[in-house]
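What follows is each chain in one-letter form.
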Amino acid sequence: MGDIQRLDKILANSGFGTRKEIKKMVRSGQVIVDGRVVKNSSIHVNPYKDEIMVGGQKLAYKAFVYLMMNKPAGVVSATWDGKYKTVVDLVPEQYRHFEVFPVGRLDRDTEGLLLLTNDGQLAHKLLSPKKHVPKTYYAAIEGKVTEDDGTAFQNGVILDDGYKTMPAELKILKTDDVSEIELTIVEGKFHQVKRMFEAVGKKVRYLKRIKMGLVALDESLALGECRELTDKELEQLKRP
Ligand code: URA
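Values in this document were obtained by computation on a predicted structure and should not be read as measured data. One numbering rule holds for all chains: residues counted from 1, following each sequence as written. In view of the model being predicted, local features appear only for residues whose pLDDT reaches at least 70, and side-chain atom pairs are presented and counted only at 80 or more, with totals across whole chains, interfaces and linings using the full set of residues. For side-chain calculations, the full set of non-hydrogen atoms in the structure is used, while hydrogens and water are omitted.

Asker: Explanation requested: the domain arrangement of the protein chain in the structure shown.
Answerer: How big an interface is tends to be reported as the loss of accessible area on association of its parts. Source of the domain bounds: an automatic or database domain assignment. What the domain assignment lists for the protein chain is domain 1 (5-58), domain 2 (66-129 + 216-238) and domain 3 (135-212). Once you take the C-alpha centre of each, domain 1 and domain 2 turn out to be 29 Å apart.

So this is what it looks like as structure tokens:
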């Protein structure tokens, strides 16, 4: 990447405060670019090539951030909601200035893997209906899930609005009064997993997303926690 940007913008994007605060900080001599103290925050520099030191610390510039969250139930997958807490409210302070948004939606009562980023291009790619990014859910289902349900999902089921789902893969982990399953779907219709089970006469009691593309939920994350994606995870998501 070779983009030249205003120093104050780079520092603002890196969480050093407002432009006004940054102007003051630069004036006071706390910022060094390529070994020289700079006093003017409107100069243009290349954050990927030029060495920027702030208060003696080298800046590792990042324009984008990619977070994996273990979403808890009770929060909505949005940046703002008039009634409920949002996933963005759970993002740690150190990432706030990136202004991340959730990549797609999980229902308020659904838990598990949710990606958050400020990279609109990647989000768009992952959500594009044409890309058929597989998403795997773990669910507890009221009633006995059978191989017939698996066959129905493989062939596609008709949802309440008449839509026929694309082939989906059902793995039965436990069949009982409450069954446990994993379901992989390659689309993202509203309440899709719940409505697919309704289509075969069953009810989802608990739902958790465990995988998106090749990226699996880090089970060491407590509910509500998030961490940055590793380079490998990011590469897996970016792969066409
Ligand atoms: N399917 C659902 O029914 N709900 C979700 O949150 C995700 C997939």
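Asker: Explain the packing of aromatic side chains to me, please; I cannot follow it from the model alone.
Answerer: Aromatic rings in a pair are described by how distant their centres are and how their planes are angled relative to each other. In summary, the pairing rule links any two rings of Phe, Tyr or Trp, Trp by its six-membered ring, whose centres are within 6.5 Å, and it sorts them by plane angle into stacked for under 30 degrees, edge-to-face for over 60 and tilted for everything else. By the definition in use, this model includes 4 aromatic pairs. Between phenylalanine 64 and tyrosine 66, the aromatic rings sit 6.5 Å apart at their centres with planes inclined by 55 degrees, giving tilted as the arrangement. Accessible area is worked out with a 1.4 Å probe on protein chains only. A residue is then buried under 20% of its type maximum, exposed over 50%, and partly exposed in between. Since its relative accessible area comes to 37%, phenylalanine 64 is described here as partly exposed. Ring centres of phenylalanine 153 and phenylalanine 197 lie 5.0 Å apart, and the angle between their planes is 85 degrees; on these two criteria the pair is classed as edge-to-face.

Asker: Mind showing me how you'd approach the sheet that holds strand 3 (residues 36-37) here?
Answerer: Within a beta sheet, neighbouring strands are joined by backbone hydrogen bonds and run either parallel or antiparallel to one another. With antiparallel pairing, 4 strands are arranged side by side in an open sheet as 3-2-5-6. One side of each edge strand has no neighbouring strand; the edge strands of this open sheet are strand 3 and strand 6 (57-58). Strand pairing follows a simple DSSP-based rule, namely that at least 2 bridges must link the two strands. Put simply, DSSP marks the helices as runs of H or I at least four residues long and the strands as runs of E at least two long, and each gets a number from the N terminus on. Sheet topology note: the strand 5 (residues 52-54)/strand 6 ladder contains 2 bridges and is antiparallel. Of the residues in strand 6, the one forming a bridge with valine 54 is glutamine 57.

Asker: Would you mind going over helix 3 (residues 120-127) with me for this structure?
Answerer: Every α-helical turn comprises 3.6 residues, leaving residues that sit three or four positions apart pointing alike. Along helix 3, the residues that are buried comprise Leu122, Ala123 and Leu126. Considered in projection along helix 3, the buried side chains sweep an arc of 100 degrees and stay on one side of the axis. Facing away from the buried side of helix 3 by more than 90 degrees, the exposed set consists of Gln121 and His124. Against strand 7 (66-71), strand 8 (101-102), strand 9 (111-117), strand 13 (203-212) and helix 6 (231-238) lie the buried residues of helix 3. Polar contacts, as counted here, are pairs of nitrogen or oxygen atoms within 3.5 Å of one another; within protein the pair requires one atom able to donate a hydrogen and one able to accept it, and residues that are adjacent in sequence qualify only if both atoms are side-chain atoms. Regarding helix 3, its N-cap is aspartate 119, as a side-chain oxygen of that residue lies 3.2 Å from the backbone nitrogen of glutamine 121 further along. The arc in question is the one spanned by the directions pointing from the helix axis to the C-beta atoms. Any two residues having at least one pair of non-hydrogen atoms within 4.5 Å are treated as being in contact.

Asker: Help me out: how do you make sense of the nonpolar core in this one?
Answerer: For soluble globular proteins, nonpolar side chains are generally found buried alongside one another. Here, nonpolar core means buried Ala, Val, Leu, Ile, Met, Phe, Trp, Tyr and Cys residues that are tied together by side-chain atoms lying within 4.5 Å of each other. Counting 32 residues, the largest nonpolar core has Phe153, Leu183 and Phe197 as its most contacted members. Domain assignment of the residues forming this core places at least three in each of domain 2 (66-129 + 216-238) and domain 3 (135-212). Dropping the residues within four chain positions of it, leucine 183 is found in contact with Lys135, Thr136, Tyr137, Phe153, Ala168, Glu169, Leu170, Val193, Met196 and Phe197. Among the nonpolar cores identified, the runner-up in size contains 16 residues, and Leu122, Ala123, Met212 and Leu221 belong to it.

Asker: Help me out: how do you make sense of the site of the ligand in this one?
Answerer: By convention in these notes, a residue is near a molecule or strand provided one of its non-hydrogen atoms lies within 4 Å of it. For the ligand, the full set of nearby residues is Leu106, Asp107, Thr110, Tyr137, His191, Gln192, Val193, Lys194 and Leu207. Within the backbone of histidine 191, one N or O atom sits 3.2 Å away from an oxygen atom of the ligand. Considering the ligand on its own, with 230 Å² of exposed area, one finds that the protein chains cover 96% of that surface. Of the residues forming the shell around the ligand, the biggest block, 3 residues, is contributed by helix 5 (residues 192-199). Nonpolar residues are Ala, Val, Leu, Ile, Met, Phe, Trp, Tyr, Cys and Pro. Charged residues are Asp, Glu, Lys and Arg, and all others, Gly as well, are polar. In terms of residue class, the shell around the ligand is built from 4 nonpolar, 3 polar and 2 charged. The protein chains shown are the only cover counted for residues, whose accessible areas, like all others here, come from Shrake-Rupley with a 1.4 Å probe.

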